[in-house]
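One-letter residues, chain by chain:
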There are 2 protein chains.
Amino acid sequence: MTEGDDRTWTISEISSEFGVTPRTLRYYEELGLLSPDRSRDNGQRLYSRRDRARLKLVLRGRRFGFSLKDLKELLDLYDTDPTRKEQIRRTLEIGAKRIEEIDEMIRELQVHRQELLDYRDRLVRFLEGKATAEELDLPLDDTE
Amino acid sequence: MTEGDDRTWTISEISSEFGVTPRTLRYYEELGLLSPDRSRDNGQRLYSRRDRARLKLVLRGRRFGFSLKDLKELLDLYDTDPTRKEQIRRTLEIGAKRIEEIDEMIRELQVHRQELLDYRDRLVRFLEGKATAEELDLPLDDTE
DNA sequence: GTTGACCTTTACGTAAACGTAAGGTAGCAT
DNA sequence: ATGCTACCTTACGTTTACGTAAAGGTCAAC
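Residues numbered from 1 in each chain as written. Chains lettered and ligands numbered in written order. Predicted model: local features only at pLDDT ≥ 70, side-chain atom pairs only at ≥ 80, totals over all residues. Heavy atoms only, no water.

Trainee: Please explain the overall build of chain A as it appears in this structure.
Mentor: When you go through chain A residue by residue, the secondary structure sums to 5 helices and 0 strands. For chain A, the α and β elements follow one another from N to C terminus as α-α-α-α-α. Over its C-alpha trace chain A gives a radius of gyration of 23 Å, far above what one expects of a compact globule, namely 15 Å for 144 residues. With respect to the three principal axes, the spread of C-alpha positions in chain A is 75 × 40 × 30 Å. (Helix = DSSP H or I, 4+ residues; strand = E, 2+ residues; numbered from the N terminus. Rg over C-alpha atoms; globule rule 2.2 N^0.38 Å.)

Structure follows, in C-alpha cells:
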C-alpha cells in the first residue's frame, strides 16, 4: 500500500535543503515541532517524509510572523486522535478560526499593497510634473 | 487649504486607542519610526495625524512578521526628498520589490489556507465514515 | 590507526521587542 | 501645600529564536 515512503534524511541533508541550520532543527525538536526517529544506536536523527511536511509548514508560518508556539498549536491539530470524534470537532473549530485569521491577513495585505500602489502613482505623477510635492505624504489617517 | 489638521494626541490617548503601551510608542520613537512633537516646555510628546498614519502602518506590518527595521526602511520611503528626482526613482524601485514580496506572501497564505481547507474536508469525511484514519495525516510532502 | 567528515549534548551568548520598576517633574484639585 | 494623575528619563530584566563554541562519539577512507 504505502511503499517507498520509508525514505529518511540526515540532519545536514534537511538543513541544507531547507536553508536552515542544524541548530534550528534541533531547537524545533526541543519544542515538539519535529520528532525525527532517534532509535538508531549512534543516536543520530533520521527525518521522515512526515517531518519534512511539518518543517515546511513551520517555515512557511514563520514567514507570516506566527510564533513557534502558534505553529506548535497548529501542528497539534494534525495530531488529533482520530478515534475521539469529540476531539475532531474541536479541531474543526480551531481550524475554522485559523482560516478566518488567514483571510483577515490576506485582506490586510491587499490593503497594504493598494496603499503602496497609490503612493507609487503619486510619485510617478510627480515625476511627470502632474502633482505637487505636498501630495507626497503618507496616506492620510482616516480613522475618526 | 489644510485646516483642522493640526489636532494632536497625548501618548496615553494614542496608546489606548491603538492598543499598545506607552513604552512601545517611546521605543518606536527611539528607532525613528515615529517623531511626535517635543517642542513643549514640559517635554511632553504630542502626536499628530501623521504620527498616527505611520503607527498604523507599523502595527499592520508587524502583524505580517516584518521587523521594525524593515518597517523603518519602508517609512523612509515616504520621507523621500521630493526635489531629488533620482531618489524618487530609487524609491520606486524599492517599492516595486516590496509589492512583489507582498504578492508572494498573499500567494503563500492562499496555499496555506487551501491546505487547511483540504484537511478540514478530510476530517469531515472521516466523521461521516467516508474516510479512513490513515488519510488524516499532514498534507503529503510533494517536493522531490 | 589515524585522519576527517558528520554527528551528538551541554551550555553560554545574542539581537529584537519590548516589560518593569525607580525616581523625578508639571499641573490641577482640594 | 498636599495629594493625584499623567508625563518624563534611566536602566536593568525578559522572552523568543536561535548562534556559537567546547568537548566528545562514530564510521568510512587512506
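So much for the structure itself; the text now carries on.
Trainee: Looking at this structure, how should I read the interface of chain A and chain B?
Mentor: Interface size is commonly expressed as the accessible surface area that is lost when the partners come together. Between chain A and chain B, the contact holds 54 residues from the first and 55 residues from the second. Both faces combined, the contact of chain A with chain B buries some 5,700 Å², and carbon together with sulfur accounts for 66% of it. Our enumeration of links across chain A and chain B arrives at 6 salt bridges. Note that Arg 113 of chain A and Asp 103 of chain B form a salt bridge whose closest N and O atoms lie 2.4 Å from each other. Applying the counting rule to chain A against chain B returns 10 residue pairs in polar contact (both at pLDDT 80 or more). Residues that form the side of chain A that touches chain B fall into these classes: 28 nonpolar, 5 polar and 21 charged. (Contact = heavy atoms within 4.5 Å. Buried area = accessible area lost by both parts, 1.4 Å probe. Salt bridge = Lys/Arg side-chain N within 4 Å of Asp/Glu carboxyl O. Polar contact = N/O pair within 3.5 Å; in protein donor to acceptor, adjacent residues only side chain to side chain. Nonpolar A, V, L, I, M, F, W, Y, C, P; charged D, E, K, R; others polar.)

Trainee: Looking at this structure, how should I read the nonpolar core?
Mentor: Buried together is how nonpolar side chains tend to be arranged in soluble globular proteins. Leu 25, Tyr 28 and Leu 55 of chain A together with Leu 25, Tyr 28 and Leu 55 of chain B are the most contacted members of the largest nonpolar core, which has 71 residues in total. Discounting residues that sit within four places of it in the chain, Leu 55 of chain B has contacts with Ile 14, Phe 18, Leu 25, Tyr 28 and Leu 34 of chain B. (Core = buried A, V, L, I, M, F, W, Y, C linked by side-chain atoms within 4.5 Å. Buried < 20%, exposed > 50% of the residue type's maximum accessible area, 1.4 Å probe, protein only.)

Trainee: Where do I start with the domain arrangement of chain A in this structure?
Mentor: Along its sequence, chain A is organised into domain 1 (8-65) and domain 2 (80-144). Each of domain 1 of chain A and domain 2 of chain A has a C-alpha centre, and these two points are 31 Å apart. (Domains from an automatic or database assignment.)

Trainee: What's the story with the protein's contact with DNA strand C in this structure? I'm lost.
Mentor: Taken together, 17 residues sit near DNA strand C, with Ser 12, Arg 26 and Arg 38 of chain A together with Thr 21 and Tyr 28 of chain B positioned nearest. Sugar and phosphate atoms form 70% of the subset of DNA strand C atoms that lie within 4 Å of the protein. Thr 21 of chain B is positioned such that a nitrogen or oxygen atom in its side chain is 2.7 Å from a phosphate oxygen of DNA strand C. Looking at the surface near DNA strand C, the element that brings in the most residues is helix H2 (residues 22-30) of chain B, giving 4 residues. Of the residues that constitute the surface near DNA strand C, the class distribution is 4 nonpolar, 8 polar and 5 charged. (Near = heavy atom within 4 Å.)

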